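Single-letter residue listing:
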Amino acid sequence: MAGAAGTGSNPGIRARLRQRFREWINRRIPPSRSVVLDQKRLFIFPSGVGFFFGLCLLVMLLAAINFQNNLSYGLTFLLATLFVLAVLHTFANLSGLEIQAIRARPAFPGQQTEFELRVSRTKKREYFGVFFRFEQGSSARLNLVDEDSGSIHLMAPVETRGWHHPGRLRIESTYPLGLVRCWTWIDLDLHALVYPRPLPSAELPGLATDQPDGAVMPVAGSDDFFGFRDYREGDSLRQIHWKGLARGGKVQTKQYTAYADRSVWLDWEMFPGLGTEQRLSHLCYWALEFDRQGQEYGLRLPDLNIAPDVGERHRERILQALALFGIEGGPS
């Protein structure tokens with residue numbers, strides 16, 4: 001009975017120790033978009049090879065004492081000095097690095113999202129074999145020799161919609177001898193937006209439209225010239241009004257007319273009886289489908305209306321609204 005009680009208490013003790021360590025590390029290295037590694041943020045400890053090396057030094061020292069051999073003393077102290085130098089060089093291989101969060105790419109549940117980081121050196125020294133890894137995700141290795149900075153891209157899996165935080169970033173180095181390991185955990189306050197999982201449906205019930213069949217509407221790529229509008233990100237370069245731009249005007253895009261069947265609204269009420277996540281998944285699927293077809297579409301949610309439009313920026317706005325529906329505040 002006592003053994004069973006002791007066994008059950010061990011996980012609780014370990015959990016409390018982990019919680020206290022997390023609280024301590026959060027106070028010592030708080031979240032930030034940019035972090036410079038210094039003595040306060042770096043930890044150093046012998047590696048497995050380093051412990052074996054230390055054990056060998058101890059055996060050599062005992063042998064030297066036993067046989068009173070000056071050559072053994074000299075070799076032991078020389079190798080001990082090498083260990084001390086390895087500590088200094090391993091620490092210097094991380095000290096002075098600046099890590100900046102650049103961006104995180106949106107993704108769908110079940111995919112891998114990409115986080116881009118920039119690593120710069122604030123001291124005029126070379127850095128070798130620096131490893132980067134999130135708690136769950138891929139790893140990367142970086143050398144800074146001829147360049148003052150470099151970019152790394154790390155992948156991490158995402159599961160649920162909303163803002164995804166990959167956790168603390170582990171940075172470590174065992175350069176040059178592998179006898180000691182210098183590392184740190186930093187929180188770059190970097191979040192990726194996760195869209196709802198697209199869920200197909202056989203048809204779109206209760207399709208809402210603002211335009212009658214046969215109405216004239218501007219559609220990119222048709223034959224009849226319609227007019228000009230301000231340039232939007234994602235517009236084709238072939239449709240830019242280059243002559244007007246050459247005369248000193250603002251950047252505009254040529255519009256052409258087509259006889260559209262309809263301009264549709266994706267409405268929250270189209271899927272009665274379904275749960276929140278299912279509705280969002282269906283709306284996400286149809287938003288992607290209409291965007292693929294180049295058809296103008298809008299979105300109606302209980303607390304938000306987005307007018308019908310087309311283009312990459314409009315698609316991203318729609319998907320972001322679906323991803324953050326019912327989620328209060330920003331990334332946390």
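For the structure, see preceding data.
What you see is a predicted model, and the numbers here were worked out from it, not measured in a lab.

S.K.: I would appreciate a short explanation of the packing of aromatic side chains in the present structure.
M.R.: How two aromatic rings sit relative to each other is set out by the distance from centre to centre and by the angle between their planes. This model, assessed by the stated rule, comprises 16 aromatic pairs. Relative to W24, the ring of F21 lies with its centre 6.0 Å away and its plane at 35 degrees, an arrangement referred to as tilted. Of this pair, F21 and W24 are both found in helix α1 (residues 2-28), three residues apart, which corresponds to roughly one turn of the helix. Classification of F21 by relative accessible area gives partly exposed; the value is 37%. Ring centres of Y285 and W286 lie 5.3 Å apart, and the angle between their planes is 80 degrees; this geometry places the pair in the edge-to-face category. Among the residues examined, W286 registers a relative accessible area of 13% and is labelled buried. By way of ring pairs, the aromatic residues F21, W24, F43, W183 and W185 are connected into one cluster.

S.K.: Whenever I open this one, the pattern of salt bridges confuses me. Can you help?
M.R.: Oppositely charged side chains are able to pair whenever their charged atoms sit close together. Evaluation of the coordinates by the stated rule reveals ten salt bridges. The partner of E114 in a salt bridge is R105, with the nearest N and O atoms 2.6 Å apart. When its relative accessible area of 37% is taken as the criterion, R105 is described as partly exposed. Between R161 and E277 there is a salt bridge, and its shortest N-O distance comes to 2.9 Å. Highlighted residues: R161 in the loop between β7 (149-157) and β8 (162-164) and E277 in helix α5 (residues 276-293), separated in sequence by 116 residues. A residue is classified by how much of its surface remains accessible, and R161, at 16% relative accessible area, is buried. Salt bridges sharing common partners tie together D291, R315 and E316.

S.K.: Looking at this structure, how should I read the nonpolar core?
M.R.: One broad rule of soluble globular proteins: the nonpolar side chains tend to lie buried together. Among the nonpolar cores identified, the biggest contains 33 residues, and I99, F132 and L169 are the most heavily contacted of them. For this core, the elements supplying multiple residues, two or more each, are β3 (97-104), β4 (112-121), β5 (127-134), β6 (139-144), β7, β9 (169-173) and β10 (180-186). Ranked by size, the runner-up nonpolar core spans 24 residues in total, among them M270, F271, L283 and I306.

S.K.: Explanation requested: the sheet that holds β10 in the structure shown.
M.R.: Reading across the sheet, the five strands line up as β2-β10-β9-β5-β6 and stay open at both edges, with antiparallel pairing between neighbours. Strand pairing shows two members of the sheet lacking a second neighbour, β2 (43-46) and β6, which therefore form its edges. Neighbour-to-neighbour, the strand axes of this sheet turn through a mean angle of 25 degrees, independent of strand direction. By the bridge criterion, five bridges tie β9 to β10 in an arrangement that is antiparallel. Its bridge partner being in β10, E172 is matched across the sheet by W183. Here helix α3 (residues 70-92) sits on the sheet and contacts β2, β5, β9 and β10; the angle it forms with β10, its principal contact strand, is near 25 degrees.

Calculation rules
- Residue numbers here run from 1 along each chain, matching the order of that chain's written sequence.
- Since the coordinates come from a predicted model, pLDDT governs what is reported: local features require at least 70, and pairs of side-chain atoms require 80 or more to be given and counted, while whole-chain, interface and lining totals use all residues.
- With hydrogens and water stripped out, all remaining heavy atoms of the structure feed into the side-chain values.
- Each Phe, Tyr or Trp ring (for Trp, its six-membered ring) is paired with any other whose centre lies within 6.5 Å, and the angle between the two planes then decides the class: stacked below 30 degrees, edge-to-face above 60, tilted in between.
- Labels follow the DSSP assignment, with helices taken as runs of H or I lasting at least four residues and strands as runs of E lasting at least two, numbered in each case from the N terminus.
- Only protein chains enter the calculation, and the probe is 1.4 Å; a residue is then buried if its accessible area is under 20% of its type maximum, exposed if over 50%, and partly exposed in between.
- Any Lys or Arg side-chain nitrogen located within 4 Å of an Asp or Glu carboxyl oxygen qualifies as a salt bridge.
- As used in this record, nonpolar core signifies buried Ala, Val, Leu, Ile, Met, Phe, Trp, Tyr and Cys residues forming a set joined through side-chain atoms within 4.5 Å.
- The pairing criterion for strands is at least two bridges between them, as found by DSSP.
- Helix axes are fitted to C-alpha atoms over the stretch in contact, other axes to C-alpha atoms as well, and angles between N-to-C directions run from 0 to 180 degrees.
- We call two residues in contact whenever any of their non-hydrogen atoms come within 4.5 Å of each other.

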